[in-house]
Amino acid sequence: MNNITKRIDAAKHIVVIAHINPDADSLSSASAMYTHLLRLHKKVSFFCVSKNIHNKLSFLPWFEKIRNTFPSSADLAISLDCASISRIGIELECDLINIDHHETNTNFGDFNIVNSELISTTHVLFNYFKINNIQINKKMATALYAGLLDDSDGFLSDKVDASIFIMSSELINLGAEYKLCNKFIMKYQSLAGLRLKAIMLEKMDLCLEARVALFLVSQDDMKKSGARAEDCENPLEEALFLPRAEVSLLIKQNVDLRLKVSIRSSGVLNASKIAIKFGGGGHHGRAGFNLSSKYTLQSASEEILQLINKEI
Ligand SMILES: [Mn+2]
């Protein structure tokens, strides 16, 4: 036994922790660890400080066990995919094992298993299970596969190499429900989201020689579809795959009629350069900002398109 397996062995009540606003990797690795600890006959709780966790993650084993209050009797916590201690969302009083793959992780745990060369925390955990001869069952395999699928962007990320496919193949042989993972993580749609997508695509304009896809979304469109703000993102990102498109631009009216602008770029435009001009921020590929109510959808699109035109 090593220090970490010894500490787990000695614990009475262990809490696995997913980070604030959890993604698939964080919840999946916490789920796989939860299964492992149950099989050790440990008392175990599943904690995440955020309420309203996205429904697309509801297929993960033990999702129904997630609680947002931290159990006071816990004597050991295990954080998964938390880049910094603040991602846990509360102050801890017990010992902590920090399992993660972020480059910026500062080894904030009493014990740390951090490998920033791996694509997902589920990959870090997969290695931990193998090194310690821990049998991976079907539930664990499904969860480990889910984190890998999401953090590798559906196996499309630049960081994907043969080792990812070797791990996937092992997990599928161990019973990972890969079709279920694909359905929920890659293809999840709400009815309202689909209705909004229809409205957005119907009204989409191609500007500047079809290099810019433009979406203007009014409050009326949001109400008609019943969609949530984040439902605008799918069509926005899909438009970037149009043959000539390099920029995808969304101008959306909020409930208070102020405008929210999102820019995606796959080409020469540095999206953050435009956002900074309006007090926003972001990266080369994605950026955003808010506009005051003096702008209309029309006047905002004219002004922003002019600025983009100068850059591309
Ligand atoms: Mn991750």
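Everything numeric here is computed off the predicted structure, so don't read it as measured data. (Residues numbered from 1 in each chain as written. Predicted model: local features only at pLDDT ≥ 70, side-chain atom pairs only at ≥ 80, totals over all residues.)

A short note on the packing of helix H4 (residues 138-151) against helix H6 (residues 178-186)
Logical step 1: For the pair H4 and H6, the least separation of the axes is 10 Å and the interaxial angle reads 40 degrees. By the criterion of interaxial angle, the relationship of H4 to H6 is oblique. Our pair here, H4 against H6, has a crossing hand that is right-handed. When H4 is examined against H6, the residues Thr 142, Tyr 145, Ala 146, Leu 149 and Asp 150 are found in contact with a partner set consisting of Tyr 178, Cys 181, Ile 185 and Met 186.
Logical step 2: Residues of the contact of H4 with H6, tallied by class, amount to seven nonpolar, one polar and one charged. (Axes fitted to C-alpha atoms, helices over the stretch in contact; angles between N-to-C directions. Helix = DSSP H or I, 4+ residues; strand = E, 2+ residues; numbered from the N terminus. Parallel < 35°, antiparallel > 145°, perpendicular 65-115°, else oblique. Left-handed = near helix turned anticlockwise from the far one by under 90°. Contact = placed C-beta atoms within 7 Å. Nonpolar A, V, L, I, M, F, W, Y, C, P; charged D, E, K, R; others polar.)

Quick look at the packing of H4 against helix H5 (residues 162-173)
Logical step 1: Relative orientation of the contacting elements H4 and H5 amounts to 155 degrees, with a least axis distance of 9 Å. It follows that H4 is roughly antiparallel to H5 by the angle criterion. Judged by the sense of rotation from one axis to the other, the crossing of H4 with H5 is left-handed. Contacts between H4 and H5 involve Ala 141, Leu 144, Tyr 145 and Leu 148 on the former and, on the latter, Ile 164, Met 167, Ser 168 and Leu 171.

Some thoughts on the nonpolar core
Logical step 1: Grouped together as the largest cluster of nonpolar side chains are 53 residues, with contacts concentrated most on Ile 14, Val 16, Ile 17 and Leu 144.
Logical step 2: With eight residues, H4 is the single largest residue contributor to this core. (Core = buried A, V, L, I, M, F, W, Y, C linked by C-beta atoms within 7 Å. Buried ≥ 20, exposed ≤ 12 C-beta atoms within 10 Å, placed from the backbone.)

Digging into the pairing of strand E8 (residues 212-217)
Logical step 1: Judged by how many residues are buried, E8 sits mostly within the fold: six of six residues are covered.
Logical step 2: Here E8 shows two buried faces, one formed by Val 212, Leu 214 and Leu 216 and the other by Ala 213, Phe 215 and Val 217.
Logical step 3: In this structure, strand E7 (residues 205-207) lies alongside E8, joined through three bridges in antiparallel fashion. Bridge pairing links Asp 205 to Leu 214 in E8.
Logical step 4: Between E7 and the antiparallel strand that follows it, E8, lie four residues; Leu 208 among them carries a positive phi value of about 50 degrees.
Logical step 5: One ladder, built from six bridges, connects E8 with strand E9 (residues 247-253); its direction is parallel. Residue pairing in the sheet places Val 212 in a bridge with Val 247 of E9. (Pairing = 2+ DSSP bridges.)

Some remarks on the sheet that holds strand E12 (residues 286-291)
The pairing of strands in a sheet happens through backbone hydrogen bonds and is either parallel or antiparallel.
Logical step 1: With mixed pairing, six strands are arranged side by side in an open sheet as E7-E8-E9-E10-E12-E11. Two strands close off the open sheet at either side, each with one partner strand: E7 and strand E11 (281-282).
Logical step 2: Sheet strands touched by helix H11 (residues 297-311): E7, E8, E9, strand E10 (259-265) and E12. Its angle to E9, the strand with the most contacts, is close to 155 degrees.

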